[in-house]
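Tertiary structure, described
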Amino acid sequence: SAPEPAQARTANPSLVVGSGSLPFNLQNPSLVGIDLVAITGRLLARLASGYYGVGEHSVDWPPAGQNGAALANGVYLVRFRGDGVTRSQKAVLSR
């Protein structure tokens, strides 16, 4: 049977207030990248980049860009790459 793809979920329910945790589940060991991207497509922050084993994982999202500056309230994309899949999901920052 074919391997199950990774399951990526944004903060539940896609709303981050102040800060958040972004959980994901891997069915297979994989190199994972999780990026915070502006709606325009510009990379704002790399939240995870590395090898993860099978199972549940999460990364913290302190709502700041790579330079440490606070992000404005608004809609962002969380892009997940790993376990043979690429997914993007909306995350709303509201403080």
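Every value quoted in this text rests on a predicted model; they were computed, and no experiment measured them. (Residues numbered from 1 in each chain as written. Predicted model: local features only at pLDDT ≥ 70, side-chain atom pairs only at ≥ 80, totals over all residues. Heavy atoms only, no water.)

So, the overall build of the protein chain
Spelled out, the test is: Here a helix means four or more residues in a row that DSSP labels H or I, a strand means two or more in a row labelled E, and each is numbered from the N terminus. Relative accessibility under 20% of the residue-type maximum defines a buried residue, over 50% an exposed one, and the middle range a partly exposed one, all with a 1.4 Å probe and only protein chains included. Any two residues whose heavy atoms approach within 4.5 Å are treated as being in contact. Accessible surface area values rest on a Shrake-Rupley calculation with a 1.4 Å probe, where residue burial reflects the displayed protein chains alone.
Each helix and strand in the protein chain was counted, giving zero helices and eight strands. Buried positions account for 40% of the 95 residues belonging to the protein chain. A sequence separation of at least 24 residues applies to 55% of the contacts in the protein chain between residues at least 6 apart. When the accessible area of the protein chain is evaluated, it comes to approximately 5,200 Å², of which 52% is carbon and sulfur surface.

Points about the packing of aromatic side chains
How two aromatic rings sit relative to each other is set out by the distance from centre to centre and by the angle between their planes. In plain terms, the rule: Note on ring pairs: Phe, Tyr and Trp rings are taken, using the six-membered ring of Trp, and paired if centres are within 6.5 Å. Classes follow the plane angle, with under 30 degrees stacked, over 60 edge-to-face and the rest tilted.
Per the stated rule, a full pass over the model turns up two aromatic pairs. An angle of 80° between the planes, with centres 5.3 Å apart, marks the rings of Phe24 and Tyr52 as edge-to-face. Of this pair, Phe24 sits in strand E3 (residues 20-26) while Tyr52 sits in strand E5 (residues 43-52), and the two are 28 residues apart along the sequence. Accessibility expressed as a relative area gives 0% for Phe24, which makes it buried. Ring centres 5.6 Å apart and planes at 50° place the aromatic pair Phe24 and Phe80 in the tilted group. On the criterion of sequence distance, the pair formed by Phe24 in strand E3 and Phe80 in strand E7 (residues 74-82) is long-range, its members being 56 residues apart. Accessibility classification places Phe24 together with Phe80 in one group, the buried group. The rings of Phe24, Tyr52 and Phe80 are connected pair by pair, giving a single aromatic cluster.

So, the nonpolar core
Generally speaking, a soluble globular protein has its nonpolar side chains buried in company with each other. Worth spelling out the cut-off: Put simply, buried Ala, Val, Leu, Ile, Met, Phe, Trp, Tyr and Cys residues joined by side-chain atoms within 4.5 Å make one nonpolar core.
By size, the foremost hydrophobic cluster in this structure holds 20 residues, and its most contacted members are Ile34, Leu36, Leu47 and Trp61. Every element with two or more residues in this core is listed here: E3, strand E4 (30-38), E5, strand E6 (55-61), E7 and strand E8 (85-93).

Here we look at the pairing of E3
For clarity, the cut-off: At least two DSSP bridges between two strands are needed for those strands to be called paired.
By the criterion of burial, E3 is predominantly enclosed, with five of the seven residues buried. Alignment of E3 against E6, held across seven bridges, turns out to be antiparallel. Paired with Pro23 across the two strands is Ser58, which belongs to E6.

Things to note about unusual backbone geometry
Positive phi is not limited to glycine here, since Asp83 has a value of about 55°. Looking at the element boundaries, Asp83 is found in the loop between E7 and E8. Its relative accessible area of 14% is what places Asp83 among the buried residues.

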